[in-house]
Structure formats: structure tokens, C-alpha cells
Amino acid sequence: MQDWRDVSVWQRLAAEGDALLAAADAALAPGDAMATPAAIARLRKSHDAALVSAAIELVAARRKARSKFTGADGLWCDVGGVEQASDERVAAWKAARMREALGAGAAIADLCSGIGGDAMALAAAGLAVTAVDLDPRRAWMTARNARCAVECVDAERVPLAGAAIHADPARRDEAAGARSWNLADHRPGRAWIERALREARAAASKFSPGVDRRACGDAPIEWEWIESDGALVQAGAWSGAFARQPRATRATRVARTATALTVGGLPDDARADRSGVDPRLSTGVLVSEPTAALARAQLQTAAAAGTGARELARSLGLLASHAPLDPHWFESFAFVAECGSDAASLARVLADQGLVARSVRVRGRALDADAITRALAAKSHGDAVVFAWREGVGVRTCGTRGTA
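**What to know about helix α7 (residues 117-124)**
1) Next: Those residues of α7 that sit buried are G117, D118, A119, A121 and L122.
2) Next: Contacts from the buried residues of α7 go to α6 (88-102), β1 (107-111), β2 (128-132), α8 (136-146), β4 (164-167) and β8 (202-207).

Okay, here's the thing in C-alpha cells:
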């Protein structure tokens, strides 16, 4: 049987598969990612087996893509490609930045284009896009989705000198069969990524949000962490003409229904004026937790400037202040009381204050968050958040009340 992943199968599906796609869509129940063996057997009675497999994959991928793309039902894609693709809000944000640096009509290469999520946004932004992917099927998908020039070659063969590039290296540990944050598992690998960020006239490279910004050594990179609808979805490295402030970081939040928000500057570990540390808590103090993008970018000091906020402990990710912090970048809670680290003590403090636990947020594995959450019978409508962190050899715990 022909492999359903072969590009020729997908080309046949595009040319003659309307009826099969409708049948495959009917074979997958709403919310399902796989058809039942019986449904597949029925489809194979009247259609080529490879075409059936490709059709089911496409239907499942389009359903998955609806959370990322408004035109998902018209995309040519597979499930793995959708998972790695930038959603259209993030891609549009990045594309606008690239157009700003290069100018309308400028040439840019979208390397490791996948299904074309970023290529679509780059083309929509008015850039002359050439997409590159080593996989013939993915290159074909990009051509269909982005309607741009496409080359099916190894990204490492693309000349870097004088070029403007966006790269989305495959992030997969093949041995484990899972996505990976480790640059050693990226394809193209670390050496090429570092070379591209140094040699290209303008370079942008996409990474998993867990990437360590120190992974590329002293390369003159501006790092950006991006949230989409409240979820931290990717990190980006900008260099050359794309880097507004080399060695600075940026946190960005995009959403379907709101204007994008962004803040940038020197990260806390590179600032001489970093927020001070004061572990004291008392009535009237607010305990604030940064958004994921802000925390990864280490921009708490920049975002809390002028408020007198201080860290409860260095690099803990919790700030204390008397003045409210920007709600776009921090979730703030009113300090209630210090607690013991066992569930009974925590429950007693919350009960004394007439509070119902909503969540338990632990730093550095100070406590078993799941066990404490269960013991407190936390409710989604609760009004109390418990914070726990290590202080010296012990554990410090406090109860807080939501301020909204």
C-alpha cells in the first residue's frame, strides 16, 4: 500500500477527494481525532486505502486547527504540522515586526515552513515570501495555504549572507517521539541556528517557550516570549535588522478580542536597578504573580517600575507591593496570613478568614501542590490562593485573597 504521507497521495486528495473528505468528516464524531476501525473499513471499500488515511488525517488536522486559524476548514495540513504552526495572531504579530524592519515588498525566506502558518502571515503583511521545507508534503501544503514561492530543499543549503529569514526548526526528540525544548533535538540543529542568527542580515527563529535564552551564548539576540489567549505558546530570537535592542528581552500578549500588549527592556538578571528583595509580609501588602511571558522574559522590574514593588525572594517570581501592579502583566492578591505548610494549618487559616481555596501555587517543589489542593477541596469559584515557596531549608506558605 502506498504511504499516505506521500505528497502524491495528498495531491490526488486535493484533485479528486471532495466526496471522500465529506465521508471522512462524517466518520469522525465531533471532538474525535481518529475514526473507528469500522468506519475506516467502510471508507476503504470504495476508496484507496492511502487516500482514506490522508483524508482522515486532514479532517482531524482541520478540526485541531480551528483554535489557531479562522480559515482552518480550508487549510491543507496534518496534525503534527498544526501542532507546530504559529497561530494566526502570533504569526501576524511577528510578520508586522518583520515588515517594519524590512519594508513592504522585501524578500524573506521562511525556513522549515511546515504547513505555512508563518508564511501566510508574512505574505499577508506584504512581504515577498519564499518558503523552504525539506518535506515535499509540507512544502506542497505551504504552497497551497500561503500561495507563495516554495522550495523543497534542506534549510541549511539556503545562503545566509545578506538574507532575511524566519526559521521554525523542527523541535522533536525522535528517540522519545515527543516535542523537545533541547536545542540538540532541533532540526536544523544548534550550530546552524547560531550561525543563522549571526550571519543573516535579519533573522528570526522560533523556539518552544521553555528555551533557555542563554543557550545561544553571547550572540546579539533580542528574545521574545509570546502568549496567545493567555497561554504561553512560543519564544522567538531576533537578530540583525530584526533586533530592536540586542540582549534585551520582550514579553508579548495577543488575543482574539483584544489589542496586543508588549513590554521590553533589559531582563532582571542584567539590571543594576533590579527590584530589591524584602521577604516581609503584612496586612495591606499585595502579592503579585507575573504572566508567563513576563516571567520567562524576566521583565518584572520593567513592568512594575514606579510602584515600589519588591521580590519576596530572588528569582522567586512573586512581587510584594502596597500599590496595585499593572493587571495586564500581573495577577494580584491581598495578603491574608502566613500559614503552616501542612494542609490542616492551611485549612484552619482559610476557615478563620471565611475563605474558600481556589488554587495552590508552589515554587520549587516546596510542597505537593496536587495533594494540598485536594486536601483543601479547592473550588474554581474560590476566593483564596495559597502560595508556597522554599526559604532557606524550610517552606514558607501564605494565604491570599483575590482582589478582583
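**With respect to the pattern of salt bridges**
1) Next: Enumeration according to the criterion identifies 33 salt bridges in this entry.
2) Next: In this structure, R274 engages E311 in a salt bridge whose closest nitrogen and oxygen atoms are separated by 2.9 Å. In this pair, R274 sits in the loop between β12 (261-265) and β13 (286-290) while E311 sits in strand β14 (residues 310-311), placing the two residues 37 residues apart along the sequence. There is no split in this pair, since R274 and E311 are both buried.
3) Next: Salt bridges sharing partners connect three or more residues here, namely E289, E331, R358, R361 and R363.

**Regarding the sheet that holds strand β17 (residues 357-362)**
1) Next: Taking strand neighbours across the sheet as the criterion, the seven strands line up as β14-β15-β13-β16-β19-β18-β17 in an open arrangement whose pairing is mixed. Looking along the sheet, the strands with just one partner apiece sit at the ends: β14 and β17.
2) Next: Looking at chain direction, β17 and strand β18 (residues 384-391) are connected through five bridges and run parallel. When the sheet's bridge partners are listed, S359 is paired in β18 with V385.

**Points about the sheet that holds β4**
Sheet strands associate in pairs through backbone hydrogen bonding, adopting either a parallel or an antiparallel arrangement.
1) Next: Pairing within the open sheet is mixed, and its nine strands lie in the order β3-β2-β1-β4-β8-β10-β9-β11-β12. Every interior strand has two partners, whereas the edge strands, β3 (149-151) and β12, have only one. On average, each strand axis in the sheet is tilted by 20° relative to the strand beside it, whichever way the strands run.
2) Next: As judged from the six bridges shared by β8 and strand β10 (residues 231-240), these two strands associate in the antiparallel manner. Bridge assignment links S205 to a residue of β10, and that residue is A237.

**Focus: the nonpolar core**
1) Next: Core analysis: the biggest nonpolar cluster contains 38 residues, and L111, I165, W192, W223, A251, L294 and F330 have the highest contact counts within it.
2) Next: When contributions to this core are tallied by element, the ones reaching two or more residues are β1, β4, α9 (190-199), β8, β9 (222-228), β10 and α10 (292-297).
3) Next: Residue contributions to this core peak at four residues, all from α9.
4) Next: Look past the residues within four positions of L111 in its chain and what remains in contact with it is V132, A155, V158, I165, H166, A167, D168 and W192.
5) Next: Judged by nonpolar contacts, the second largest core, of 31 residues, contains W4, I56, A60 and I115.

**Things to note about the environment of W4**
1) Next: Mapping W4 onto the fold places it in the segment before α1 (7-16).
2) Next: Assessed through its relative accessible area of 17%, W4 is described here as buried.
3) Next: Sequence separation between W4 and A49 is 45 residues, and the spatial gap between their C-alpha atoms is 8.1 Å.
4) Next: Once residues lying within four places of it in the same chain are set aside, the contact partners of W4 are V9, W10, A50, S53, A54 and E57.

**With respect to the packing of helix α3 (residues 37-44) against helix α4 (residues 49-65)**
1) Next: Close contact between α3 and α4 brings their axes to 9 Å; oriented N to C, the two are set at 130°. When the axis of α3 is compared with that of α4, the two are oblique. The two elements α3 and α4 cross, and the hand of that crossing is right-handed. Facing α3, whose interface residues are I40, L43 and R44, α4 presents A49, V52, S53 and I56.
2) Next: Per-class residue counts for the contact of α3 with α4 are five nonpolar, one polar and one charged.

What counts and what doesn't
- Residues numbered from 1 in each chain as written.
- Predicted model: local features only at pLDDT ≥ 70, side-chain atom pairs only at ≥ 80, totals over all residues.
- Heavy atoms only, no water.
- Buried < 20%, exposed > 50% of the residue type's maximum accessible area, 1.4 Å probe, protein only.
- Helix = DSSP H or I, 4+ residues; strand = E, 2+ residues; numbered from the N terminus.
- Contact = heavy atoms within 4.5 Å.
- Salt bridge = Lys/Arg side-chain N within 4 Å of Asp/Glu carboxyl O.
- Pairing = 2+ DSSP bridges.
- Axes fitted to C-alpha atoms, helices over the stretch in contact; angles between N-to-C directions.
- Core = buried A, V, L, I, M, F, W, Y, C linked by side-chain atoms within 4.5 Å.
- Parallel < 35°, antiparallel > 145°, perpendicular 65-115°, else oblique.
- Left-handed = near helix turned anticlockwise from the far one by under 90°.
- Nonpolar A, V, L, I, M, F, W, Y, C, P; charged D, E, K, R; others polar.

Such coordinate-based values are descriptive only and should not be taken to indicate function.
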